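# Descriptive analysis of the structure
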Amino acid sequence: MLHRDSRIAWRGREALCESVTSECAILHARLLGACPVGISFMLVLWPYHSKFSIICYKRCHRNLFEAKIVDDDLNSFNYNKVWSGQAFSLKVDEVLVHEKSKYQDILIFRSSTYGNVLALDGIIQCTENDEFTYQEMITHLAMFSHPLPRKVLVIGGGDGAVLREVLKHECVESVTMCEIDEAEHKNEFDVIITDSSDPIGPAKKLFSQTYYGLIKEALTEKGVLSSQGECPWLDLKFIKSLVKHASDLYPRVAYAVGFVPTYPSGQMGYLLCSKDQKQDLTVPLKMLSESEVKRMNLKYYNSDIHRSAFVLPQFIKEDLHPCA
């Protein structure tokens, strides 16, 4: 138990930790056991009198902890159960917006280290300081895998950042963004980008084989799909099912990974699919020069990153492509 004097102890294990707790909260840390990959984190935010608890692990002997912020009076806790068993926290300098819509809890705050942060239902969606990592990868992996992407569809993308990246391509003639669209599209789009939230609630449908089938119908002959592909450290079994669903429909399927510091475990996966049997998604069709990278104001993506993103660690490679 982590008390107000910042001391922590448990049976047979020790760790050096520092914490700052809010006036009316106590942070409890429960040891879950040894973790072969070290500590992973998820967002834990507890608004109480406009203050939030912060915990910083300095050295934890490769142990995994579950962090819970407990209200003294209510004796209840609030933490995200999607990635149970791990925690990531940001110091909140100021809460800018905190509202509940018909569909979700919306929180925008200014952090000390990552600038402004958007969180939906307690899950970080993007931050001012690292949003470009995800936005550039989910966009340009697909855009540079198509010979001439003129018409693009963005599904989701409410923050507008994917749209920003798509419009960096001078060949683009039109971009359509939609959240909910009941219209039928046949052979219409060269590239479709699914910038969805995690597969919870309504967004779960965007990870189904039925959805991938509808996307295939909407793509042109050499069309490319780029979709948010979850984190291989946490969702490998689920990702394996996604790859199988896609492989049953598309002649070309590839899975890539990239760094996103404020996402769970610090990595994000991307599922790429093409209707063109001849298209190698792991090799960009256009190699960017340094001057082109600067002109497009790219901070993460370049041609080398494109190729290396598909070079997977052995445990992921064996699970997703057991016969390779």
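Residues numbered from 1 in each chain as written. Predicted model: local features only at pLDDT ≥ 70, side-chain atom pairs only at ≥ 80, totals over all residues. Heavy atoms only, no water.

An unreviewed UniProt entry annotates the protein chain as PABS domain-containing protein originating from Onchocerca ochengi.

### Structural notes on the overall build of the protein chain
From N to C terminus, the protein chain includes seven helices and 14 strands. The buried share of the protein chain, taken over its 324 residues, is 50%. Considering only residue pairs separated by 6 or more positions, the protein chain has 65% of its internal contacts joining residues 24 or more positions apart. (Helix = DSSP H or I, 4+ residues; strand = E, 2+ residues; numbered from the N terminus. Buried < 20%, exposed > 50% of the residue type's maximum accessible area, 1.4 Å probe, protein only. Contact = heavy atoms within 4.5 Å.)

### Observations regarding the pattern of salt bridges
Applying the stated criterion to the full structure yields 13 salt bridges. Among the salt bridges present, the one from Arg164 reaches Glu165, with a minimum N-O distance of 2.9 Å. The class for Arg164 is partly exposed, based on a relative accessible area of 33%. Of the charged contacts in the structure, one is a salt bridge between Glu217 and Lys186, with a shortest N-O distance of 2.8 Å. Here Glu217 is found in helix α3 (residues 209–218), whereas its partner Lys186 is found in the loop between β10 (174–178) and β11 (189–195), with 31 residues between them in sequence. We classify Glu217 as partly exposed; its relative accessible area is 37%. Each member of the salt-bridge network shares a partner with another, and the members are Glu131, Arg164, Glu165 and Lys168. (Salt bridge = Lys/Arg side-chain N within 4 Å of Asp/Glu carboxyl O.)

### Section: the nonpolar core
In terms of nonpolar packing, the biggest core is built from 40 residues, with Leu141, Val152, Val166, Tyr270 and Leu272 touching the most fellow members. When contributions to this core are tallied by element, the ones reaching two or more residues are β6 (105–111), β7 (116–120), α1 (131–143), β9 (151–156), α2 (161–166), β11, β13 (252–259) and β14 (267–274). Per-element accounting of this core gives the leading share, seven residues, to α1. Both domains that furnish three or more residues to this core are identified here as domain 1 (89–129) and domain 2 (131–320). Setting aside anything within four residues of it in sequence, one finds Val166 in contact with Thr139, Met143, Val152, Val154, Val172, Val175 and Ile193. Membership of the second largest hydrophobic core comes to 25 residues, among which are Phe207, Ala218, Ile239 and Val243. (Core = buried A, V, L, I, M, F, W, Y, C linked by side-chain atoms within 4.5 Å. Domains from an automatic or database assignment.)

### A short note on the confidence of the model for the protein chain
This prediction gives the protein chain a mean pLDDT of 77; 71% of its residues lie at or above 70. A low-confidence stretch, residues 1–78 stays under pLDDT 50, and its non-local contacts, those more than four residues away or across chains, total 167 contacts. (pLDDT = per-residue confidence, 0-100.)

### Considerations on the pairing of strand β12 (residues 219–228)
Burial of β12 is extensive: eight of the ten residues sit out of reach of the surface. Examined bridge by bridge, β11 and β12 share five bridges and lie parallel to one another. The residue of β12 that forms the bridge with Ile192 is Leu225. In this structure, β12 lies alongside β14, joined through five bridges in antiparallel fashion. Counterpart to Val224 in the pairing with β14 is Ser274. (Pairing = 2+ DSSP bridges.)

### Structural notes on the sheet that holds β9
Sheet architecture is open: six strands sit in the order β10-β9-β11-β12-β14-β13, paired in mixed fashion. Both edges of this open sheet fall to β10 and β13, since each of them pairs with a single strand only. In this sheet, adjacent strand axes meet at a mean angle of 15° when their direction is disregarded. Packing of helix α4 (residues 232–247) onto the sheet brings it into contact with β13 and β14, and relative to β14 it is tilted by some 5°. (Axes fitted to C-alpha atoms, helices over the stretch in contact; angles between N-to-C directions.)

### Considering the packing of aromatic side chains
One pass over the full model with this rule turns up five aromatic pairs. Taking the centre distance of 5.4 Å and the plane angle of 5° together, the rings of Phe144 and Tyr301 count as stacked. Here Phe144, found in the loop between α1 and β9, pairs with Tyr301, found in the loop between α5 (290–295) and α6 (303–308); they are 157 residues apart in sequence, far enough to count as distant. Assessed through its relative accessible area of 6%, Phe144 is described here as buried. Using a relative accessible area of 1% as the deciding quantity, one classes Tyr301 as buried. Through a chain of ring-to-ring contacts, the aromatic side chains of Tyr134, Tyr263 and Tyr270 assemble into a single cluster. In this structure, Lys151 is placed above the aromatic ring of Phe189, and the distance from its NZ or CZ to the ring centre is 5.7 Å. (Phe/Tyr/Trp six-rings, centres within 6.5 Å; stacked < 30°, edge-to-face > 60°. Lys NZ or Arg CZ within 6 Å of the ring centre and 35° of its normal.)

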